[in-house]
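Each chain is listed here by its residues.
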Amino acid sequence: MYRMGGFPDIPSVCRSLCMLQLCVLLVACSSEGPDRIFFGGPILTVDSEDKVAAALAVRDGRILAVGSEADVLSLRTGRTEMVDLQGRTLMPGFIAAHEHPTLTAVFMGAVDISGFTHRTNREVWEALRAAVDMAGDGEWIYAVGLDPILTPDLRMPTRETLDEIAPDNPLVVIAQTMHSFWANSAAFADAGIGADTPDPGRGSFYERDDSGELTGFVAESKAAAPLLQTLMSPWGLLGRYERTLDQLLNNGFTAVASLGHNLPPLMARYAASKNLRPRIRQFFYLVEDELDYLPDSPRSDNDFFRVLGVKLWHDGSPYTGSMYTSAPYLDSPLNRRLGIPAGSHGAAMFTMETLREKIRAYSEAGWQVAIHSQGDASLREVSRAVAAVGELDGKRPVVRIEHAVELPQEQIPALADHRVTVSFHINHILYYGDALRQSIIGARMAGSVLPVRSAFAGDLQPTLHADSPMFPAEPFSLIQTALTRATAAGRKLNPREAVDIRQAVRAMTINGARQLRIEDEAGSLEPGKWADLLIVDRNPYDTPADEIARIEVLRVFLNGEPQSRASNQQ
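Only a predicted model underlies this, so the values are computations on that prediction, with no experimental measurement involved. (Residues numbered from 1 in each chain as written. Predicted model: local features only at pLDDT ≥ 70, side-chain atom pairs only at ≥ 80, totals over all residues. Heavy atoms only, no water.)

Here the focus is the sheet that holds strand 8 (residues 141-146). Strand order across the open sheet formed by six strands is 7-8-9-10-12-11, with mixed pairing between neighbours. Every interior strand has two partners, whereas the edge strands, strand 7 (111-112) and strand 11 (205-208), have only one. Of the strand pairs in this sheet, strand 10 (residues 180-183) and strand 12 (residues 214-219) are connected by three bridges, and their pairing is antiparallel. Residue Ser180 lies in a different strand from strand 12, and its bridge partner there is Ala219. (Pairing = 2+ DSSP bridges. Helix = DSSP H or I, 4+ residues; strand = E, 2+ residues; numbered from the N terminus.)

To continue, consider the pairing of strand 17 (residues 305-313). A regular strand places its side chains so that they alternate between the two faces of the sheet. Among the nine residues that make up strand 17, nine are buried, leaving the element largely enclosed by the rest of the structure. As judged from the six bridges shared by strand 16 (residues 281-287) and strand 17, these two strands associate in the parallel manner. What sits directly across from Leu286, in strand 17, is Val310. As paired strands, strand 17 and strand 18 (residues 368-373) are joined by five bridges and run parallel to one another. (Buried < 20%, exposed > 50% of the residue type's maximum accessible area, 1.4 Å probe, protein only.)

Right, let's get into the sheet that holds strand 18. Spatially, 6-13-16-17-18-19-20-21 is the arrangement adopted by the eight strands of the open sheet, whose pairing is parallel. Of all the strands in the sheet, the pair left with one neighbour each is strand 6 (94-99) and strand 21 (463-464). Taken together, the five bridges between strand 18 and strand 19 (residues 399-403) define a ladder with parallel strand orientation. Within strand 19, the position partnered with His372 by the bridge is Glu402.

A separate point is the nonpolar core. When a protein is soluble and globular, its nonpolar side chains tend to lie buried together. By size, the foremost hydrophobic cluster in this structure holds 136 residues, and its most contacted members are Ile359, Ile440 and Ile479. The contacts of Ile479, once residues within four sequence positions are left out, are Phe94, Leu464, Ile501, Ala504, Val505, Met508 and Ile548. Listed in part, the 21 residues of the second largest apolar core include Ala135, Leu146, Val173 and Phe217. (Core = buried A, V, L, I, M, F, W, Y, C linked by side-chain atoms within 4.5 Å. Contact = heavy atoms within 4.5 Å.)

The geometry of helix 17 (residues 475-484) relative to helix 18 (residues 501-508) is characterised by a closest axis approach of 9 Å and an angle of 140 degrees between their N-to-C directions. Between helix 17 and helix 18, the angle falls in the class oblique. Note that helix 17 runs across helix 18; the crossing there is right-handed. Contact residues: Pro475, Leu478, Ile479 and Leu483 in helix 17; Ile501, Ala504, Val505 and Met508 in helix 18. For the contact of helix 17 with helix 18, a count of residues per class yields eight nonpolar, no polar and no charged. (Axes fitted to C-alpha atoms, helices over the stretch in contact; angles between N-to-C directions. Parallel < 35°, antiparallel > 145°, perpendicular 65-115°, else oblique. Left-handed = near helix turned anticlockwise from the far one by under 90°. Nonpolar A, V, L, I, M, F, W, Y, C, P; charged D, E, K, R; others polar.)

Right, let's get into the pattern of salt bridges. Inspection of every chain in the model, using the stated rule, returns 28 salt bridges. For Asp35, the salt bridge is made with Arg79, and the minimal N-O distance between the two is 2.5 Å. Placement of the pair is Asp35 in the loop between helix 1 (12-28) and strand 1 (36-44) and Arg79 in the loop between helix 2 (69-73) and strand 4 (81-84), with a sequence separation of 44 residues. Residue class for Asp35 comes out buried when judged on its relative accessible area of 17%. Take Arg79: its relative accessible area is 46%, and that puts it in the partly exposed class. (Salt bridge = Lys/Arg side-chain N within 4 Å of Asp/Glu carboxyl O.)

If you want it as structure tokens, here you go:
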């Protein structure tokens, strides 16, 4: 057969071989040659065919060639550094599709009372009392990580109990979910919040008792913002922010998307360099309170820092009852402790018309729109709002859906038609899956959560994320949960939605690049792309699913250069 114009229909494999041979010929004619060649172990390209190569060459921060040892090693010159993998695996750097590095840095300055480190009620409040004893009179005190799920006997605070713990200090306690807050009387007074202070909007409020007095509980970040100003002072954050970026890099992330509550971009760009070398790639989505930082138009002239779009919230969290669901929350002891009324459904934070107009306005200006949507009722409204906009302007994907805990499968085709992409908060299953099933939303709703496999089948090109600091930003933990669907107690939650290892790796690499509109530059190991690479101690493709989280990141290369690692990393 011949194509129009008389040219032969060459199979794609032959075209690939021709391109590689041409690349080898061009490089052989150059006196420079590669800066580094990696060989001696499997190289996971994560290209369109998931090929595993034997060698890879890098020059000037980009991948020069990928293929067999014979072909790639023939490019070697006297200046080329040879990196023998010794049987270990080379793969693309992970892309953190939805994290909060600024909030992680913020909470480094707070007292740790999390369920990850404090398993009993006594331990939690003893840790807080010890911190109060160390503080000076009038000093603001913040504690983060309050978690009645991981600390089962936890007694939830009131304004009066916090007044007793810290009579001379403003005190604010922050839930592990980052959606619930508690404050004492001194904190409310210093922040100018009283019984008559209006609530800032749908789903975000200051709880009051029957007499109209503040109980101490604050729902959602808009209401909490006046209480967090001291903790979130940018100049006090910079060093902690740099440490946060270093830890992400240590964990194997070479790029991070920051979804709201961001450091000022000038400071973030400063933090992106370490000893005059790039530290990590950062991609910002600004909340509407940060729009003063939004450039006039999207720009891609900086490979290490870009503002991509705007983050909106359509609903809240399952652990405050603000996730917007069609089925009611359970009447359970845990929900009562969380303050979730039996039979409640949560609510949308925008009308569908308002959401539609926001999507239209931002997309027409060229920005991506990232929409926090967790409950099935919320996700249906978001899907209808996207459809109501019609053809979305701008480079694809224009709309991202964040978390998607109860994504209805019947909505997947409509979302795919508009080339919407989705990022799944997968470790809800590992850390909170048992509580979701038994105490929060019930077995029926929990039995259909986080349909990652269906999202792959429906071409939503999903990613996985930790939503740090809510959960640790550990990429192989996210991958393992996507494979096993195992809760902390070992139960399988919606196991039919388990994916295979190649899909899970794609969700952490090339799909993340597509979500950030950088798939031509990152996410897979192909000639011309950024040389953002990891050496790991074993091949994920050959590792049993329940051992994936044990894989160690041994070395990270950003832009082709090895990155120094924290002292606690090997």
